[in-house]
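Listed below, chain by chain, are the residues.
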Amino acid sequence: QKLKDNIEAIRIALEWKEGIKLSSEQVSALKKYSGFGGLKVVLFPNSSKEEWKKLNASKEDLKLQLQVMQLHELMQQHFTEAEYKQVLDSVRNSILTAFYTPEIVPQTLFSVLKEKGIEPKSVYEPSSGAGVFVSKAAEVFPSLQNITAIEKDVLSGRVLTALSSSIPVPVSIQVKGFEETPVEENGKFDLIVSNIP
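Owing to the predicted nature of the structure, the values given are computational and were not obtained by experimental measurement.

About the cut-offs
Residues numbered from 1 in each chain as written. Predicted model: local features only at pLDDT ≥ 70, side-chain atom pairs only at ≥ 80, totals over all residues. Heavy atoms only, no water. 1 Å grid on protein atoms, 1.4 Å probe; cavity = no way out; pocket = protein on both sides within 12 Å on 5 of 7 lines; lining within 4 Å. Points joined across faces, edges and corners; volume = space filled by probe spheres on them. Helix = DSSP H or I, 4+ residues; strand = E, 2+ residues; numbered from the N terminus. Nonpolar A, V, L, I, M, F, W, Y, C, P; charged D, E, K, R; others polar. Salt bridge = Lys/Arg side-chain N within 4 Å of Asp/Glu carboxyl O. Buried < 20%, exposed > 50% of the residue type's maximum accessible area, 1.4 Å probe, protein only.

Asks: Hey, could you go over the layout of surface pockets for me, with residue numbers and the actual values?
Replies: There is about 580 Å³ of room inside the largest pocket. Those elements giving two or more residues to the lining of the largest pocket turn out to be α6 (81–93) and α8 (132–140). Of the residues forming the lining of the largest pocket, the biggest block, four residues, is contributed by α6. The residue makeup of the lining of the largest pocket, split by class, is 11 nonpolar, 12 polar and seven charged.

Structure, rendered in structure tokens:
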């Protein structure tokens, strides 16, 4: 189910264009995106079940082969060949690190901050994934004026970009590694929050 939900979220994100309003169903689908952490099946090539068997794919892997092919097809439809290879590398590199935070974590953290009278105007999220901290911050802090979100994984960044269009606070998204962000951002935020892997 995780792979199916991820593919649907990616499809919505890749088809979304600036200025298009997302439906509540689309927003819900985007929020289900959880990355590819632990999904080693995406390491298998864009090839037949027979090829997968030669690479010692398990029965469980083979059950997901069609979905993995759908993921490849979706990426090939929306990216040039060079971009596709880059995105594929990004997905494969995220297998060990892309574990997404459940909503209860930012909800609890932000509730405690609010109880203590902390109402940030500007939030920075250095490892934002698909945006659970971003979404919850906008929900909990009505006086929030802007959010800056950093996400290294290309597909997660695209999901976050589409999802941010439904957030009632301006969100600036940088799809790059945290180490590549501008030094000028230092000291400009009231709250820096994340659950970096």
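Moving on from the model shown.
Asks: I'd like to hear about the pattern of salt bridges, residue by residue, with values.
Replies: Per the counting criterion, the structure on display carries eight salt bridges. Taking the shortest distance from any N to any O, the salt bridge between Asp-61 and Lys-40 comes out at 3.0 Å. Here Asp-61, found in helix α4 (residues 59–63), pairs with Lys-40, found in the loop between α2 (24–31) and α3 (49–54); they are 21 residues apart in sequence, far enough to count as distant. The partner of Glu-179 in a salt bridge is Lys-152, with the nearest N and O atoms 3.7 Å apart. With Glu-179 in the loop between β3 (171–174) and β4 (191–192) and Lys-152 in the loop between β2 (146–150) and α9 (154–164), this residue pair connects regions lying 27 residues apart in the sequence. This pair shows no difference in class: Glu-179 is exposed, exactly as Lys-152 is.

In short, geometric facts, not functional conclusions.
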